[in-house]
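As a plain string of letters, each chain reads:
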Amino acid sequence: MTATLALTFAEAESCWVTWQWTDRPGPEAAQLAPDVLVTVPTFFAQTLPDASVGESVAEAMERAKRGPLNNPADTALIAGQLADGLIPWPVVMELVDRAQRDGQRPRLRILPSPSLAQVPWPMLLVRLTADGSKRVMLAEIADVYLGVPGGVAQQARPTAVGDAVVMAVDPRVPGYAADSVLGSVLGRPKADDILAQLLERHAGHIAPPVGSYPELVRRTDLDRSWLRDALRDAARFLFVGHVSAAGVELATGESSALHLGCVDAQGVHAPLTAHDIMTDDDWRFPSRVALMGCGSGTDLRYPEPLGLTMAAVLAGAQLVTSAAWTLPTDAALEGEPLRRLILAVDEAHASPDPVAALNAWQVERAAAWADSGQPADSPLVWAAVHTHLV
């Protein structure tokens, strides 16, 4: 069995971190620097493409493109500083030692505190030497994933079981034109789009049944009733589209929502909220779920860690890959990085070990980014996703 080290962060007036191997008794603990709870959230508020009050989505994206995650040298500097501030030296040494002893990489399960929920943990550059002269990505010495709070896992419904790969890819949102705020995420459908690989990979198993890529995207018939029925016989679920994440000033993310083709009795668009899923026992999610939408994985930012990701877990999902911040579209960055992310997540979810597969892809993207700094390899895209595993 692969060894797992659980790393848990807790905050009050300061931030503490505890770590414990799941096959050994007795946790260890350390107190982080006093300013971590201020500097880390402030840095991400200034760096990520999440729009602040009074800022448009386009303005937020341009700000992010001028920040440290748009320059390889600055990215490496920040990744090292975050690692030094958040990952105690003994944790790194224990992971390295365990890998050498067991002959395989251990797993690292992280449960961050709200202030640290947007940290892109796999990309952190941890020290292999005391002076920091040699560093590697955390994902190179461990398979990194986020844990699920025990209270959420204990209340989960049975997992849906079936063969279908349910896909809601860039569904048309009622009342919104293609170029509006809730318009197309992927642009005009073309038969030769690289996302047509989804059909090749899952031929005969896709719901809804389609024969070409243009038939898969910008559909008007994908509402909550269709999705609820489709998921009951599913093995996997892939959503690509608009997500509205709840504001961090709230105690919970229950108002976070997926935008499908749903309308209310008056014909007005009605997004599917996390609360809707959590309070309706008819929802059953398959084991593996990918929610590729802006801020779809912000659950742990709230004192009550509930949002779309945890709603999926409560409905039966065992593994959920989602985004910690706003995902730039391919119109914002050259090289189709969003499409490449979607394909990488889909391929990882088809593998025996999605966590290891996605971590390996992120390591590859980080190496490409360090080498050439091309927009197609921007960490603003590949570092945004993390996987929660029950």
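Rules used in this analysis
- Residues numbered from 1 in each chain as written.
- Predicted model: local features only at pLDDT ≥ 70, side-chain atom pairs only at ≥ 80, totals over all residues.
- Heavy atoms only, no water.
- Helix = DSSP H or I, 4+ residues; strand = E, 2+ residues; numbered from the N terminus.
- Rg over C-alpha atoms; globule rule 2.2 N^0.38 Å.
- Buried < 20%, exposed > 50% of the residue type's maximum accessible area, 1.4 Å probe, protein only.
- Contact = heavy atoms within 4.5 Å.
- Pairing = 2+ DSSP bridges.
- Expected span 1.5 Å × (residues − 1).
- Phe/Tyr/Trp six-rings, centres within 6.5 Å; stacked < 30°, edge-to-face > 60°.
- Lys NZ or Arg CZ within 6 Å of the ring centre and 35° of its normal.
- Axes fitted to C-alpha atoms, helices over the stretch in contact; angles between N-to-C directions.
- Parallel < 35°, antiparallel > 145°, perpendicular 65-115°, else oblique.
- Left-handed = near helix turned anticlockwise from the far one by under 90°.
- Nonpolar A, V, L, I, M, F, W, Y, C, P; charged D, E, K, R; others polar.
- Polar contact = N/O pair within 3.5 Å; in protein donor to acceptor, adjacent residues only side chain to side chain.

### So, the overall build of the protein chain
A count of helices and strands for the protein chain gives 14 helices and 16 strands. Here the C-alpha radius of gyration of the protein chain, 20 Å, is about what a compact globule of 390 residues would show, namely 21 Å. Burial status across the protein chain gives 55% buried among its 390 residues. Intrachain contacts of the protein chain at a sequence separation of at least 6 include 73% that bridge at least 24 residues.

### Notes on the sheet that holds strand β12 (residues 257–258)
Taken in spatial order, the three strands line up as β11-β12-β13 in an open sheet, and their pairing is antiparallel. Unpaired on one side and paired on the other, β11 (243–244) and β13 (272–273) mark the two borders of the sheet. Two elements, β11 and β12, share two bridges in a ladder whose sense is antiparallel. Looking at β12, one finds that S244 is bridged to A257.

### Some details on helix α13 (residues 354–372)
End to end, α13 covers 27 Å across 19 residues, agreeing with the expected 27 Å (1.5 Å per residue, within 8%). Listed as buried for α13 are P354, V355, A356, L358, N359, W361, Q362, V363, R365, A366, A368 and W369.

### Some thoughts on the packing of aromatic side chains
Counted according to the given criterion, the structure contains four aromatic pairs. Their ring planes at 70 degrees and their centres at 6.1 Å tell us that F237 and F285 sit as a pair that is edge-to-face. Of this pair, F237 sits in strand β10 (residues 234–240) while F285 sits in the loop between α10 (274–278) and β14 (288–292); the two residues are 48 residues apart in sequence, bridging distant segments of the chain. Taking the relative accessible area as the measure of exposure, F237 reaches 1% and is therefore buried. On the basis of relative accessibility, which here comes to 2%, the residue F285 falls in the buried class. Aromatic rings pair up to connect F237, W283 and F285 into one cluster. Across the ring face of W21, the terminal group of R98 is positioned such that the distance to the ring centre comes to 4.9 Å.

### Observations concerning the pairing of strand β4 (residues 107–111)
Moving residue by residue along a regular strand, the side chains alternate between the two faces of the sheet. Relative to β4, strand β1 (residues 4–11) runs parallel, the two sharing five bridges. Residue pairing across strands places T4 opposite R107, the latter belonging to β4.

### A short note on the environment of G183
Mapped onto the secondary structure, G183 falls in the loop between β8 (164–169) and α7 (197–201). Taking the C-alpha atoms as reference points, G183 and G241, 58 residues apart in sequence, are found 9.2 Å from one another.

### Focus on the side chain of R98
Note on placement: R98 falls in helix α4 (residues 89–102). Under the relative-accessibility criterion, R98 is labelled buried at 8%. Contacts of R98, omitting those with residues within four sequence positions, involve A3, W21, D23, R24, G103 and Q104.

### Considerations on the packing of helix α1 (residues 36–47) against helix α3 (residues 72–86)
Running from N to C, α1 and α3 point in directions that differ by 155 degrees, and their axes come no closer than 12 Å. Here α1 lies roughly antiparallel to α3, going by the angle between them. Here α1 and α3 pass one another in a crossing that is left-handed. For the pair formed by α1 and α3, the contact residues are V36, V40, F43 and F44 on the first element and I78, L82, G85 and L86 on the second. In the contact of α1 with α3, the residues fall into seven nonpolar, one polar and no charged.

### Thoughts on the pairing of strand β7 (residues 143–146)
Both faces of β7 are covered, namely the face carrying D143 and Y145 and the face carrying V144 and L146. The pairing of β4 with β7 spans four bridges and is classified as parallel. In the sheet register, L108 faces β7, and the bridge partner there is V144.

### Some thoughts on the packing of helix α12 (residues 337–349) against α13
What describes two packed helices is the angle between their axes and the distance between those same axes. Two elements in contact, α12 and α13, have axes whose closest approach is 8 Å; the angle formed by their N-to-C orientations is 150 degrees. Every pair of crossing elements has a handedness; the one defined by α12 and α13 is right-handed. Here R340, L341, A344, V345, A348 and H349 of α12 lie close against α13, whose contacting residues are P354, A357, L358, W361 and R365. The residue inventory of the contact of α12 with α13, partitioned by class, reads eight nonpolar, one polar and two charged.

### Some remarks on the environment of W19
Within the secondary structure, W19 is located in strand β2 (residues 15–21). For W19, a relative accessible area of 4% translates into the label buried. Taking the C-alpha atoms as reference points, W19 and G151, 132 residues apart in sequence, are found 19 Å from one another. Filtering out sequence-adjacent residues up to four positions away, W19 remains in contact with L5, A6, L7, P27, E28, A29, A30, P88, P90, V91 and E94.

### A closer look at the environment of H349
Inspection of the secondary structure puts H349 in helix α12. Residue classification places H349 among the buried positions, given a relative accessible area of 3%. Placed 60 residues apart in sequence, H349 and V289 show a C-alpha to C-alpha distance of 8.1 Å. Non-local contacts of H349, meaning those with residues more than four positions away in its chain, are made with R236, R288, V289, A290, L319, T321 and P354. Within the structure, H349 has its side chain in polar contact with the side chain of T321 (distance 2.8 Å).

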